[in-house]
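# Breakdown of the fold
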Amino acid sequence: MDRSFFAQLNNYRITTAEILYWMPDHEHVLQSFVWQNLDLAPRFPALTKFLDFWEHNLDGRLHRVRVANAALIKPAEFRFSSGLYALH
């Protein structure tokens, strides 16, 4: 089985972060970067590790980080029918 499948069974969720940063050579221009990985909500250790790496090793100063996540494996959703209909 795939490692990501086992991670999702252990409450990992697909996490997407939109990172806006100031370009190093043009400090008045914002650039966008999208990061996506499996991570644990609400602390997001993988995202935090990536942002720490960014702060210490890259020149672009962070402006804003927006985070969204969703569980890919979740209980099945169902609802009862409101009626039974026959066609011909």
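Here the structure is a predicted model, which means the values were calculated and not measured.

### Description of the overall build of the protein
Counting its regular elements, the protein contains 2 helices and 3 strands. Counting helices and strands in the order they occur from the N terminus, the protein gives α-β-β-α-β. Its C-alpha radius of gyration of 20 Å places the protein more than 25% over the 12 Å reference for a compact globule of 88 residues. Overall size of the protein, expressed as C-alpha extent along the three principal axes, is 70 × 30 × 20 Å.

### Examining the sheet that holds strand β3 (residues 61-70)
Read across the open sheet, the 3 strands follow the order β2-β1-β3; overall the sheet is antiparallel. The open sheet terminates on both sides in strands that have one partner only, identified here as β2 (30-40) and β3. Direction aside, the axes of adjacent strands within the sheet are offset by 20° on average. Here helix α2 (residues 45-57) sits on the sheet in contact with β1 (12-22), β2 and β3, set at roughly 145° to β2.

### Focus on the side chain of D39
Within the fold, D39 resides in strand β2. In this structure the side chain of D39 is engaged in a polar contact, spanning 3.1 Å, whose partner is the backbone nitrogen of A46. One polar contact links the side chain of D39 to the main-chain amide nitrogen of L47, over a distance of 2.9 Å. Residues contacting D39, with those up to four places away along its chain left out, are N11, Y12, R13, T15, F44, P45, A46 and L47.

### Regarding the environment of L38
Turning to its location among the elements, L38 is positioned in strand β2. Since its relative accessible area comes to 17%, L38 is described here as buried. L38 sits 28 residues away from R66 along the chain, and the two C-alpha atoms are 16 Å apart. If sequence neighbours within four positions are ignored, L38 has contacts with S4, A7, Q8, Y12, R13, I14 and A46.

### What to know about the nonpolar core
A17, I19, Y21, W35, F44, L47, L51 and W54 together form the largest nonpolar core, which totals 8 residues. For this core, the secondary-structure elements that each account for two or more residues are β1 and α2. Those residues within four positions of L51 in sequence are excluded, and the remaining contacts are I19, L62 and V65.

### Things to note about the side chain of T15
Positionally, T15 belongs in strand β1. A relative accessible area of 0% places T15 in the buried class. Dropping the residues within four chain positions of it, T15 is found in contact with W35, Q36, N37, D39, F44, V67, A68 and N69.

What counts, and at which threshold
Residues numbered from 1 in each chain as written. Predicted model: local features only at pLDDT ≥ 70, side-chain atom pairs only at ≥ 80, totals over all residues. Heavy atoms only, no water. Helix = DSSP H or I, 4+ residues; strand = E, 2+ residues; numbered from the N terminus. Rg over C-alpha atoms; globule rule 2.2 N^0.38 Å. Pairing = 2+ DSSP bridges. Axes fitted to C-alpha atoms, helices over the stretch in contact; angles between N-to-C directions. Contact = heavy atoms within 4.5 Å. Polar contact = N/O pair within 3.5 Å; in protein donor to acceptor, adjacent residues only side chain to side chain. Buried < 20%, exposed > 50% of the residue type's maximum accessible area, 1.4 Å probe, protein only. Core = buried A, V, L, I, M, F, W, Y, C linked by side-chain atoms within 4.5 Å.

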